[in-house]
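Spelled out, the chains give:
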Amino acid sequence: MVWLEIDEREKSSNNGFGGSVVNGGLVYPVMTEQQIEILRHQIVAYTIICDQLVDMYKSFVAQQDFLGLEHCDPLMASRAHNISSRQRWAPTHAQLQILENLFVQGSGMPTKQKIKEITNELAQHGLVIESNVYNWFQNRRARSKKKKRSASQQSNPESEAYTLKEKKGQVVLSE
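Computed from a predicted model, the values in this text were never measured in an experiment.

(A) Here's a closer look at the layout of surface pockets. Of the volumes computed, that of the second largest pocket is approximately 240 Å³. If you trace the second largest pocket, you find it lined by Arg88, Trp89, Pro91, Ser131, Asn132, Asn135, Trp136, Asn139 and Arg143. Considering only residue class, the lining of the second largest pocket consists of three nonpolar, four polar and two charged.

So this is what it looks like as structure tokens:
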């Protein structure tokens, strides 16, 4: 049984909990032997569960490495901010400069291997994953095409002008 020793002030206010006098001090039982044994079993069970979770995590990471998938190590998240699936990637200025230079130099979408290389290079300047790099190139290409289209429309405004025509009694838009 685990006992709790009570100081002199509390000895006078014995609230009827049946304390015992040991070595001149009043002590009260906190846990019975049965409760202590149950607590020991629970601690052992939680230890086993924790060990199994660690093994599962190691297996998961090893499987991702084998498949060549990127993963964020939650144990490393304390040192670097982890990008979750709901958070947006905010590239650093250095990362943006590298990406813009590569976009201007390159032609089209980079290969998977090239994206891995770019990701490793960008990782020196901040947290980034391969899908961020892939999406950045897709978005940058789309912005570039849109910019070219709008520039050509401004130089030749009549090419995209719409006119109203009457067709079978209805007014329709046509180019």
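(B) Structural detail: the environment of glycine 126. In this fold, glycine 126 is placed in the loop between helix 4 (112–122) and helix 5 (130–155). C-alpha separation for the pair glycine 126 and glutamine 95, spaced 31 residues apart in sequence, amounts to 7.7 Å.

(C) Here's a closer look at the environment of glutamate 117. By the secondary structure assignment, glutamate 117 is in helix 4. Taking the relative accessible area as the measure of exposure, glutamate 117 reaches 41% and is therefore partly exposed. Sequence separation between glutamate 117 and glutamate 130 is 13 residues, and the spatial gap between their C-alpha atoms is 9.3 Å.

(D) Seen up close, the side chain of arginine 140. Take arginine 140: it is sitting in helix 5. Aside from chain neighbours lying at most four places away, what touches arginine 140 is Glu100 and Phe103.

(E) Molecular detail of the pattern of salt bridges. If you walk through the whole model with that rule in mind, you get two salt bridges. Put simply, glutamate 37 and arginine 40 hold a salt bridge, and the shortest N to O gap is 3.3 Å. Remark: arginine 40 and glutamate 37 occur in helix 2 (residues 33–67); sequence separation between them is three residues, near one turn of the helix. Classification of arginine 40 as partly exposed rests on a relative accessible area of 47%.

What counts and how
- Residues numbered from 1 in each chain as written.
- Predicted model: local features only at pLDDT ≥ 70, side-chain atom pairs only at ≥ 80, totals over all residues.
- Heavy atoms only, no water.
- 1 Å grid on protein atoms, 1.4 Å probe; cavity = no way out; pocket = protein on both sides within 12 Å on 5 of 7 lines; lining within 4 Å.
- Points joined across faces, edges and corners; volume = space filled by probe spheres on them.
- Nonpolar A, V, L, I, M, F, W, Y, C, P; charged D, E, K, R; others polar.
- Helix = DSSP H or I, 4+ residues; strand = E, 2+ residues; numbered from the N terminus.
- Buried < 20%, exposed > 50% of the residue type's maximum accessible area, 1.4 Å probe, protein only.
- Contact = heavy atoms within 4.5 Å.
- Salt bridge = Lys/Arg side-chain N within 4 Å of Asp/Glu carboxyl O.

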